[in-house]
Amino acid sequence: MNAMLDAAWAVFVRELRLALRRPAEATQPLVFYCVLALLFPLGLAAQDVGLRAFAPAIVWVSALLAALLGIERLFRADVDDGTLEQWLLADVPFPMLVGAKLAAQWLLIAAPLIVAAPLIALALNLQPQAIGVLLLGLLFGTPVLVFSGGFAAALTVGAPRAGLLIPILVLPMMCPALIFGAGAVRAAQVGLSVEGPLYFLAAMMVLSLTLLPWAAAGALRNALE
Amino acid sequence: MWTWFHRLASPPSFYRFADRLAPWLLGLGLLLLAVGCYGGLFIAPADYQQGDAFRVIYVHVPAAALSLFVYVLMAVAGAIALVWRMKLAECAVVAAAPIGASFTALALVTGMLWGKPTWGAYWVWDARLTSELVLLFLYLGVIGLNQAYSDARTAARACAWLALVGVVNVPIVHYSVQWWNSLHQGSTILSLEAVRDPKISSSMLWPLLLTLSGSFAFFFAVWLRRLQNEVVARERGANWVRDCVLQAPLAAVSNEQSGMTGPELDPSMQSRQGRQRHGEPRGAD
């Protein structure tokens, strides 16, 4: 059991270390997220009241697209240099290593988005009392985004012509997170109960964390054979 | 029973089995659909509230039921393909996806046409409609994923994984009208309560049951034909394809050319078979 955790930890740390060696690349999703979210007000008239109504959707759709950025390359380097084959040969269960890699990806891609979200929300005129709900929703929802993105990347890792396929595969899977995440913020905006959508998000997070590493590992194994 | 089942899983015997079954299923399906559509469009009375607009259910309900059924079928076949690595199950996943996508699109379009006169809008963003739309995208994802790989077996197993993960959406579609407030009405025929205390007049019900069963028969006929294509495409180098699929036309051609009595004696035929055994690639024929 300890050896398993050690191996997973080693994979986790390796991912972070690799990302920190190229800090400019690691911050790209965050920069993309901010630019994207701040493009929407530019398309509206100044002081448009609609901005506040659309703010939950804008924050969430931007997070969704930022999570998709670069997801295609997630496993490619590991396949090319043979890392994944070593993982397959290792004594440690393959899904666990894949899960550790995806968890590191969450920390690298999604955690900065959550930190930046309050600033974006204020720039979009979101009421301050809704920001707490927005952050809680993102905390539950972003693992769903990252893990389903990882699953789609695993499915297409052996396909040379994947291209636009990953968004097509993954966006339907991300729809529920968007619906409930933005729904919770809208409910908070008008003072309704936010528990229902947040529970849904938490349930989706648990399902993604427990089941998707297995599915992603199976898809990777299939692509490597 | 089990040996019959095992034999069926081998491509040649499946091909012959499907060849015999598919025409009957197609005939049965078209007959049921024709009678059901006639009954639904001409015999059944108009609804007291919706007028003639309700008649779209004779297309909409079977299409929607099949859109869910086909996805579940795909997921089950996908699980079989992944666990037992059965070639036929891999083909089943890939062959079902385009048919399921068409039924989903049909259900969405007929629903929109019905929604305009009845609800006053082609589209509303409620749970049932949204989840059915997501189902369509899942089907399109499976079709796209299948075409992204050059190796058919890897592609089919990737599709199987996607189908297994996506099947989460099916109960959401089915129960969406109960879980959330929806403009879409609940199920009228599929409950025990409905058998005891029918919610639909029998004059409207029987055509629906006919088009429903007809659509299922039609689906299975098309699915079997697509499966045959898929199997032949994958096994195109095998001898049984030569014998079973291409024998008749080849024999006719060689008889005309050489005047010999049987394909076994034809030298050109023999050399072709020999080449096949050595696994030489062949043009598209």
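Here the structure is a predicted model, which is why all the values come from computation and not from measurement. (Residues numbered from 1 in each chain as written. Chains lettered and ligands numbered in written order. Predicted model: local features only at pLDDT ≥ 70, side-chain atom pairs only at ≥ 80, totals over all residues.)

1. Regarding the overall build of chain A
The condition that has to hold: Only DSSP runs of H or I covering at least 4 residues are called helices, and only runs of E covering at least 2 are called strands; the numbering of each starts at the N terminus. A radius of gyration in this sense is built from C-alpha atoms; the matching globule rule multiplies 2.2 Å by the number of residues raised to 0.38. Partly exposed residues are those whose C-beta has more than 12 but fewer than 20 other C-beta atoms within 10 Å; with 20 or more the residue is buried, with 12 or fewer it is exposed, and the C-beta atoms are placed from the backbone. Once C-beta atoms are placed from the backbone, any two residues with those atoms within 7 Å are in contact.
Assigned secondary structure in chain A consists of 10 helices and zero strands. Counting helices and strands in the order they occur from the N terminus, chain A gives α-α-α-α-α-α-α-α-α-α. In terms of C-alpha radius of gyration, chain A reaches 18 Å, essentially the compact-globule figure of 17 Å for 225 residues. When its C-alpha atoms are laid out on the principal axes, chain A stretches across 60 × 30 × 30 Å. Counting all 225 residues of chain A, 42% fall into the buried class. For chain A, restricting intrachain contacts to residue pairs at least 6 apart in sequence, the fraction spanning at least 24 positions comes to 81%.

2. So, the interface of chain A and chain B
Accessible area lost when the parts come together is the quantity often used to give the size of an interface. Counted only if it meets this: Here the term charged refers only to Asp, Glu, Lys and Arg, the term nonpolar to Ala, Val, Leu, Ile, Met, Phe, Trp, Tyr, Cys and Pro, and the term polar to all other amino acids, Gly among them.
Contact with chain A, which involves 17 residues of that partner, is made by 16 residues of chain B. Among the secondary structure elements, those contributing two or more residues to the side of chain A that touches chain B are α8 (131-155), α9 (165-189) and α10 (195-224) of chain A. Across the side of chain A that touches chain B, the residue classes tally to 12 nonpolar, four polar and one charged.

3. Details of the environment of Ala148 of chain B
Positionally, Ala148 of chain B belongs in helix α5 (residues 127-148). With 70 residues separating them in the primary sequence, Ala148 of chain B and Phe218 of chain B have C-alpha atoms 29 Å apart. Among all residues touching Ala148 of chain B, those that are not within four sequence positions of it are Thr156, Ala159, Arg161, Ala162 and Leu165 of chain A.

4. Re the nonpolar core
Residue and element names in this part refer to chain B. We apply this condition: For this analysis, nonpolar core means a set of buried Ala, Val, Leu, Ile, Met, Phe, Trp, Tyr and Cys residues linked through C-beta atoms within 7 Å.
Val93 and Cys159 are the most contacted members of the largest nonpolar core, which totals 135 residues. Residue contributions to this core peak at 16 residues, all from helix α3 (residues 57-84). What Cys159 contacts, discounting residues up to four positions off in sequence, is Val93, Val94, Val142, Leu145 and Asn146.

5. A short note on helix α4 (residues 87-119) of chain B
For an α-helix, the turn length of 3.6 residues means that residues three or four places apart are oriented alike. Applicable threshold: In this scheme, a helix's expected span is set at 1.5 Å multiplied by one less than its residue total.
With 33 residues, α4 of chain B should reach 48 Å at 1.5 Å per residue; the first-to-last C-alpha distance of 46 Å fits that figure. Following α4 of chain B by one or two positions, Gly120 of chain B has its phi on the positive side, about 90 degrees.

6. Remarks on the environment of Gly163 of chain A
All names here are of chain A. Looking at the secondary structure, you find Gly163 in the loop between α8 and α9. Accessibility expressed as a C-beta count within 10 Å gives 13 for Gly163, which makes it partly exposed. Spatially, the C-alpha atoms of Gly163 and Glu72 are 8.2 Å apart, while their sequence positions differ by 91 residues.

7. Topic: the packing of α3 of chain B against helix α6 (residues 152-166) of chain B
Residues and elements named next belong to chain B. Cut-off, in case you're wondering: Every axis corresponds to a line fitted to the C-alpha atoms, with the helix fit spanning only the stretch in contact, and the corresponding angles, defined between N-to-C directions, vary from 0 to 180 degrees. In these notes the angle categories are as follows: under 35 degrees is roughly parallel, over 145 is roughly antiparallel, 65 to 115 is roughly perpendicular, and the rest is oblique. The handedness criterion is simple: a crossing whose near helix is rotated anticlockwise from the far helix by less than a right angle is left-handed, and one whose near helix is rotated clockwise is right-handed.
Packing of α3 against α6 brings their axes to within 8 Å, and their N-to-C directions diverge by 130 degrees. Put simply, α3 runs oblique to α6. Remark: the crossing between α3 and α6 carries left-handed chirality. Each of Met74, Ala75, Gly78, Ala79, Ala81 and Leu82 in α3 lies in contact with α6, whose residues at this interface are Ala156, Arg157, Ala160, Ala163 and Leu164. Split into classes, the residues belonging to the contact of α3 with α6 amount to nine nonpolar, one polar and one charged.

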